[in-house]
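In case you want the letters, here they are:
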Amino acid sequence: MSSKRIAILVMAAIAVLYVLSAVNHTGGDAAALQRPGGFVGWLGRWLGGTPDADRKDLSAPCLSEARLTVTNGTCTLKVAAAPADQRNVRLRSDSNLAVQAPAPGRDTLVRSDVEAGATVSVAVGKAGADIDVICAGERTCVLTLVTGE
(Lines give C-alpha, C1' and ligand atoms only; values in the text may rest on other atoms or scores of the structure.)
Protein backbone atom coordinates (compact mmCIF):
# COMPACT_ATOMS: atom_id res chain seq x y z
CA MET A 1 0.00 0.00 0.00
CA SER A 2 1.42 3.38 -0.90
CA SER A 3 2.12 6.08 1.66
CA LYS A 4 -0.45 8.35 -0.02
CA ARG A 5 -3.23 5.79 0.57
CA ILE A 6 -2.19 5.35 4.20
CA ALA A 7 -2.20 9.12 4.72
CA ILE A 8 -5.66 9.42 3.15
CA LEU A 9 -7.01 6.59 5.35
CA VAL A 10 -5.59 8.22 8.49
CA MET A 11 -7.06 11.60 7.57
CA ALA A 12 -10.44 10.00 6.82
CA ALA A 13 -10.41 8.23 10.21
CA ILE A 14 -9.60 11.53 11.96
CA ALA A 15 -12.43 13.26 10.09
CA VAL A 16 -14.92 10.53 11.07
CA LEU A 17 -13.86 10.71 14.74
CA TYR A 18 -14.20 14.50 14.67
CA VAL A 19 -17.68 14.33 13.21
CA LEU A 20 -18.74 11.69 15.76
CA SER A 21 -17.49 13.79 18.67
CA ALA A 22 -19.17 16.93 17.26
CA VAL A 23 -22.48 15.11 16.82
CA ASN A 24 -22.35 13.94 20.46
CA HIS A 25 -21.57 17.42 21.81
CA THR A 26 -23.72 18.15 24.88
CA GLY A 27 -23.32 21.90 25.20
CA GLY A 28 -22.00 23.67 28.27
CA ASP A 29 -23.59 21.47 30.92
CA ALA A 30 -21.01 20.95 33.68
CA ALA A 31 -22.27 17.46 34.55
CA ALA A 32 -21.99 16.40 30.91
CA LEU A 33 -18.44 17.69 30.79
CA GLN A 34 -17.52 15.54 33.78
CA ARG A 35 -19.06 12.45 32.18
CA PRO A 36 -19.16 12.97 28.42
CA GLY A 37 -21.35 10.69 26.34
CA GLY A 38 -21.20 9.24 22.87
CA PHE A 39 -17.92 8.37 21.23
CA VAL A 40 -15.84 10.60 23.55
CA GLY A 41 -17.36 8.96 26.65
CA TRP A 42 -16.81 5.47 25.25
CA LEU A 43 -13.21 6.29 24.41
CA GLY A 44 -12.65 7.71 27.90
CA ARG A 45 -14.10 4.63 29.57
CA TRP A 46 -12.04 2.36 27.31
CA LEU A 47 -8.76 4.20 27.88
CA GLY A 48 -9.50 5.89 31.19
CA GLY A 49 -8.48 3.19 33.63
CA THR A 50 -10.29 1.63 36.56
CA PRO A 51 -13.51 3.34 37.67
CA ASP A 52 -14.42 4.11 41.27
CA ALA A 53 -16.89 1.90 43.10
CA ASP A 54 -20.39 3.35 43.33
CA ARG A 55 -21.19 4.89 46.70
CA LYS A 56 -24.39 2.82 46.85
CA ASP A 57 -22.23 -0.36 46.84
CA LEU A 58 -20.43 0.62 50.07
CA SER A 59 -21.66 -0.14 53.58
CA ALA A 60 -20.13 -0.29 57.06
CA PRO A 61 -21.28 0.25 60.65
CA CYS A 62 -18.72 3.05 60.95
CA LEU A 63 -19.75 4.77 57.67
CA SER A 64 -21.73 7.98 57.88
CA GLU A 65 -22.25 9.77 54.55
CA ALA A 66 -18.67 10.15 53.26
CA ARG A 67 -16.76 9.45 56.50
CA LEU A 68 -15.59 6.33 58.25
CA THR A 69 -14.98 6.77 61.98
CA VAL A 70 -13.00 3.92 63.56
CA THR A 71 -12.49 3.98 67.32
CA ASN A 72 -9.72 1.79 68.77
CA GLY A 73 -10.09 -1.24 66.58
CA THR A 74 -11.24 -2.35 63.17
CA CYS A 75 -14.15 -1.40 60.95
CA THR A 76 -15.00 -3.43 57.86
CA LEU A 77 -16.15 -1.56 54.77
CA LYS A 78 -18.19 -3.95 52.61
CA VAL A 79 -18.12 -3.45 48.83
CA ALA A 80 -21.02 -5.19 47.08
CA ALA A 81 -20.60 -7.26 43.92
CA ALA A 82 -21.01 -5.38 40.64
CA PRO A 83 -20.72 -6.09 36.90
CA ALA A 84 -17.45 -4.12 36.53
CA ASP A 85 -14.36 -6.32 36.42
CA GLN A 86 -12.48 -4.06 38.81
CA ARG A 87 -13.24 -0.90 40.78
CA ASN A 88 -11.32 1.32 43.17
CA VAL A 89 -12.27 2.48 46.63
CA ARG A 90 -10.25 5.57 47.56
CA LEU A 91 -9.94 6.74 51.16
CA ARG A 92 -8.08 9.72 52.66
CA SER A 93 -6.91 9.25 56.25
CA ASP A 94 -6.49 11.82 59.02
CA SER A 95 -4.07 9.60 60.97
CA ASN A 96 -1.67 6.69 60.63
CA LEU A 97 -3.54 3.41 60.20
CA ALA A 98 -3.62 0.21 58.16
CA VAL A 99 -5.96 -0.99 55.44
CA GLN A 100 -6.31 -4.66 54.51
CA ALA A 101 -8.28 -6.29 51.68
CA PRO A 102 -8.12 -9.34 49.41
CA ALA A 103 -6.35 -8.87 46.08
CA PRO A 104 -8.96 -8.96 43.26
CA GLY A 105 -9.49 -12.50 42.02
CA ARG A 106 -7.11 -14.03 44.59
CA ASP A 107 -7.17 -15.40 48.12
CA THR A 108 -4.21 -13.23 49.14
CA LEU A 109 -4.73 -10.44 51.67
CA VAL A 110 -2.93 -7.20 50.90
CA ARG A 111 -2.14 -4.82 53.76
CA SER A 112 -1.08 -1.20 53.37
CA ASP A 113 0.11 1.17 56.06
CA VAL A 114 -1.37 4.61 55.46
CA GLU A 115 0.16 7.82 56.77
CA ALA A 116 -1.92 10.73 58.01
CA GLY A 117 -3.08 12.91 55.11
CA ALA A 118 -2.44 10.22 52.49
CA THR A 119 -5.01 8.71 50.14
CA VAL A 120 -5.10 4.95 49.68
CA SER A 121 -6.71 3.25 46.68
CA VAL A 122 -8.00 -0.30 47.19
CA ALA A 123 -8.75 -2.41 44.09
CA VAL A 124 -11.91 -4.49 44.34
CA GLY A 125 -12.93 -7.23 41.90
CA LYS A 126 -16.31 -8.10 40.42
CA ALA A 127 -17.32 -10.24 43.42
CA GLY A 128 -16.91 -7.34 45.87
CA ALA A 129 -14.75 -7.45 49.00
CA ASP A 130 -14.41 -6.57 52.65
CA ILE A 131 -11.91 -3.81 53.35
CA ASP A 132 -10.65 -3.76 56.94
CA VAL A 133 -9.61 -0.38 58.31
CA ILE A 134 -7.39 -0.94 61.36
CA CYS A 135 -6.96 1.88 63.86
CA ALA A 136 -4.54 0.78 66.61
CA GLY A 137 -4.13 2.36 70.00
CA GLU A 138 -6.42 4.38 72.21
CA ARG A 139 -7.63 6.79 69.54
CA THR A 140 -10.16 7.46 66.83
CA CYS A 141 -9.26 7.40 63.14
CA VAL A 142 -11.35 9.22 60.58
CA LEU A 143 -11.23 8.53 56.84
CA THR A 144 -12.91 10.49 54.11
CA LEU A 145 -14.41 8.62 51.18
CA VAL A 146 -12.75 10.07 48.06
CA THR A 147 -14.40 7.56 45.73
CA GLY A 148 -16.80 9.28 43.39
CA GLU A 149 -15.47 12.83 43.84
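Quick notes on the rules
- Residues numbered from 1 in each chain as written.
- Predicted model: local features only at pLDDT ≥ 70, side-chain atom pairs only at ≥ 80, totals over all residues.
- Heavy atoms only, no water.
- Helix = DSSP H or I, 4+ residues; strand = E, 2+ residues; numbered from the N terminus.
- Buried < 20%, exposed > 50% of the residue type's maximum accessible area, 1.4 Å probe, protein only.
- Contact = heavy atoms within 4.5 Å.
- Areas by Shrake-Rupley, 256 points an atom, 1.4 Å probe, with all protein chains shown as cover.
- Salt bridge = Lys/Arg side-chain N within 4 Å of Asp/Glu carboxyl O.
- Disulfide = S-S within 2.5 Å.
- Polar contact = N/O pair within 3.5 Å; in protein donor to acceptor, adjacent residues only side chain to side chain.
- Core = buried A, V, L, I, M, F, W, Y, C linked by side-chain atoms within 4.5 Å.

Trainee: Requested: an account of the overall build of the protein chain, with residues and values cited.
Mentor: If you tally the helices and strands in the protein chain, you get 3 helices and 8 strands. For the protein chain, the sequential pattern of α-helices and β-strands runs α-α-α-β-β-β-β-β-β-β-β. Counting across all 149 residues of the protein chain, residues that qualify as buried make up 29%. Relative to all contacts within the protein chain whose residues are 6 or more apart in sequence, the contacts with residues 24 or more apart total 65%. Accessible surface for the protein chain amounts to roughly 9600 Å². Of this, 57% is attributable to carbon and sulfur atoms.

Trainee: Please provide a residue-by-residue account of the side chain of asparagine 88, values included.
Mentor: Position of asparagine 88 among the secondary structure elements: in strand β4 (residues 86-93). For asparagine 88, a relative accessible area of 15% translates into the label buried. For asparagine 88, the contacting residues outside a window of four places in its chain are Thr50, Pro51, Asp52, Ala53, Ser121, Val122, Ala123 and Thr147.

Trainee: Please set out the pattern of salt bridges residue by residue, giving values where relevant.
Mentor: In this structure the tally under the stated criterion is 7 salt bridges. In this structure, the salt-bridge partner of aspartate 130 is lysine 78, at a minimum N-O distance of 3.3 Å. In this pair, aspartate 130 sits in strand β8 (residues 129-145) while lysine 78 sits in strand β3 (residues 67-79), placing the two residues 52 residues apart along the sequence. Arginine 111 serves as the salt-bridge partner of aspartate 113, at 3.9 Å between the closest nitrogen and oxygen. Through salt bridges with shared partners, one network takes in Asp54, Lys56, Asp57 and Arg87.

Trainee: Now, about the environment of valine 89: what can you tell me, with residues and values included?
Mentor: In this fold, valine 89 is placed in strand β4. Given the relative accessible area of 0%, valine 89 is considered buried. Each C-alpha atom, one on valine 89 and one on valine 146, is 7.7 Å from the other, the two residues being 57 residues apart in sequence. Discounting residues that sit within four places of it in the chain, valine 89 has contacts with Ala53, Leu58, Leu77, Val79, Val120, Ser121, Val122, Val124, Ile131, Leu145 and Thr147.

Trainee: Pulling in residues and values, what's your account of the state of the cysteines?
Mentor: Scanning the model with the defined rule gives 2 disulfides in all. Across the disulfide from cysteine 62 sits cysteine 75; the S-S distance is 1.9 Å. The chirality of the disulfide connecting cysteine 62 with cysteine 75 is left-handed, given an S-S dihedral of about -95 degrees. Highlighted residues: cysteine 62 in the loop between β1 (58-59) and β2 (63-64) and cysteine 75 in strand β3, separated in sequence by 13 residues. Using a relative accessible area of 6% as the deciding quantity, one classes cysteine 75 as buried. The disulfide partner of cysteine 135 is cysteine 141, and the gap between their sulfur atoms is 2.0 Å. Taking the sign of the torsion about the S-S bond as the criterion, the disulfide between cysteine 135 and cysteine 141, at about 75 degrees, is right-handed.

Trainee: Please set out the environment of lysine 56 residue by residue, giving values where relevant.
Mentor: Secondary-structure assignment places lysine 56 in the loop between α3 (38-47) and β1. Taking the C-alpha atoms as reference points, lysine 56 and alanine 80, 24 residues apart in sequence, are found 8.7 Å from one another. Here aspartate 57 takes part through its side chain, which lies 3.5 Å from a polar atom of the side chain of lysine 56.

Trainee: Tell me what's going on with the nonpolar core, and back it up with residues and numbers.
Mentor: Formed by 26 residues in total, the largest nonpolar core has its most connected members in Leu58, Leu68, Leu77, Val89 and Ile131. Mapped onto this core, the elements with two or more residues apiece are β3, β4, β5 (97-102), β7 (119-125) and β8. Among the elements that make up this core, the one with the highest residue count is β8 (7 residues). Those residues in contact with leucine 68 that lie beyond four places of it in its chain are Cys62, Leu63, Leu77, Leu91, Val133, Cys141, Val142 and Leu143.

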